[in-house]
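The chain contents come next:
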Amino acid sequence: MALSREKKKEYDKKIRNLPWRKEQLKKARAKYNQKHPWQEYYKKYKERIALYTEKYRERIKVGVYSYYGKGGKPVCVICGEERLDCLSLDHINDGGAQERKRTGRVGFSLYSFLRSNGYPTGYQTLCMNCQFIKERARRKRKLLRLTDEKSSNTQTYLS
Ligand SMILES: [Zn+2]
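Residues numbered from 1 in each chain as written. Predicted model: local features only at pLDDT ≥ 70, side-chain atom pairs only at ≥ 80, totals over all residues.

Participant: Before we go on, may I ask you to explain the environment of L87 in this structure?
Facilitator: By secondary structure assignment, the location of L87 is in strand β1 (residues 87-91). Its 24 C-beta neighbours within 10 Å are what place L87 among the buried residues. Sequence spacing of L87 and C130 is 43 residues, and the spatial spacing of their C-alpha atoms is 9.5 Å. Discounting chain neighbours no more than four positions away, the residues touching L87 are Y65, P74, C76, E81, T125 and C127. (Helix = DSSP H or I, 4+ residues; strand = E, 2+ residues; numbered from the N terminus. Buried ≥ 20, exposed ≤ 12 C-beta atoms within 10 Å, placed from the backbone. Contact = placed C-beta atoms within 7 Å.)

Shown next as C-alpha cells:
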C-alpha cells in the first residue's frame, strides 16, 4: 500500500530509532558515500577547503588592488592607505551603482571578472575614506549643477 507523504514521514519518525532501522539507514548512508566520495572528502577537509578558498580569494583581491593601486602595490591611489580591509575598488568615472545593478557583480565576482578580462581601464583602488570624500564631492557637484542649470528643480532635489 502506498502511503501519503505525511503518513510516510510519520512512520519514518516512529521507526527511526529501532535497531533494525538504524542498521538499514547506516547501510544506505555507506552506500551513498561510496557513490559520492566527495561528500566524505568534503566533510573531512571542510576547514582546509574553506581556508584554501579564502586564501585563493584573498590572492585574487590583492592582485586586483595591486593592479589598480600605486606602484604595483595594493594601496589607495590618493592617500597611500595600505590596510587591505580599508581598501575598495572605485569606478573612476562613477557609475559603480549602475554597473552593479546591470551586471550583478560585487566583491569577489567583480575581482574575478576583472582579472580574467585583462584588467580593463576605468578602475582605481581607493580606501574607504577617500571613497567617502569622493562621494561627498560628487554630491556637492550634482547639487550645484542643479542649482545653476535648473533652479526650479532645486526644491525637488532638496526635499
Ligand atoms: Zn585613501
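Participant: What's the story with the nonpolar core in this structure? I'm lost.
Facilitator: Core analysis: the biggest nonpolar cluster contains ten residues, these being V64, Y65, Y68, V75, C76, L87, L114, L126, C127 and C130. Every element with two or more residues in this core is listed here: α4 (46-67) and β2 (123-127). Contacts of V64, omitting those with residues within four sequence positions, involve L89, Y111, L114 and R115. (Core = buried A, V, L, I, M, F, W, Y, C linked by C-beta atoms within 7 Å.)

Participant: Please clarify how unusual backbone geometry should be interpreted in this entry.
Facilitator: Keep in mind that most residues, glycine aside, have a negative phi and that most peptide bonds are trans. Notably, Y119 is not glycine yet its phi reads approximately 50 degrees, a positive angle. Mapped onto the fold, Y119 is located in the loop between α6 (107-116) and β2.

Participant: Teacher, can you tell me more about the environment of V77 here?
Facilitator: Along the chain, V77 turns up in the loop between α4 and β1. Ignoring sequence-local partners within four residues, the contact set of V77 consists of G69, K70, Q124, T125 and L126.

Participant: What's the story with α4 in this structure? I'm lost.
Facilitator: It helps to recall that an α-helix has 3.6 residues per turn; residues three or four apart then point in one direction. With 22 residues, α4 ought to run about 32 Å at 1.5 Å a step, and its terminal C-alpha atoms sit 32 Å apart, in line with that. All of the buried residues in α4 are K61, V64 and Y65. Along the axis of α4, the buried positions cluster into a sector of 95 degrees, meaning they face one direction only. Away from its buried face, by an angle of more than 90 degrees, α4 presents the exposed residues R48, I49, L51, Y52, K55, Y56 and R59. Residues of α4 that are buried sit in contact with β1, α6 and β2. (Expected span 1.5 Å × (residues − 1). Arc of directions from axis to C-beta.)

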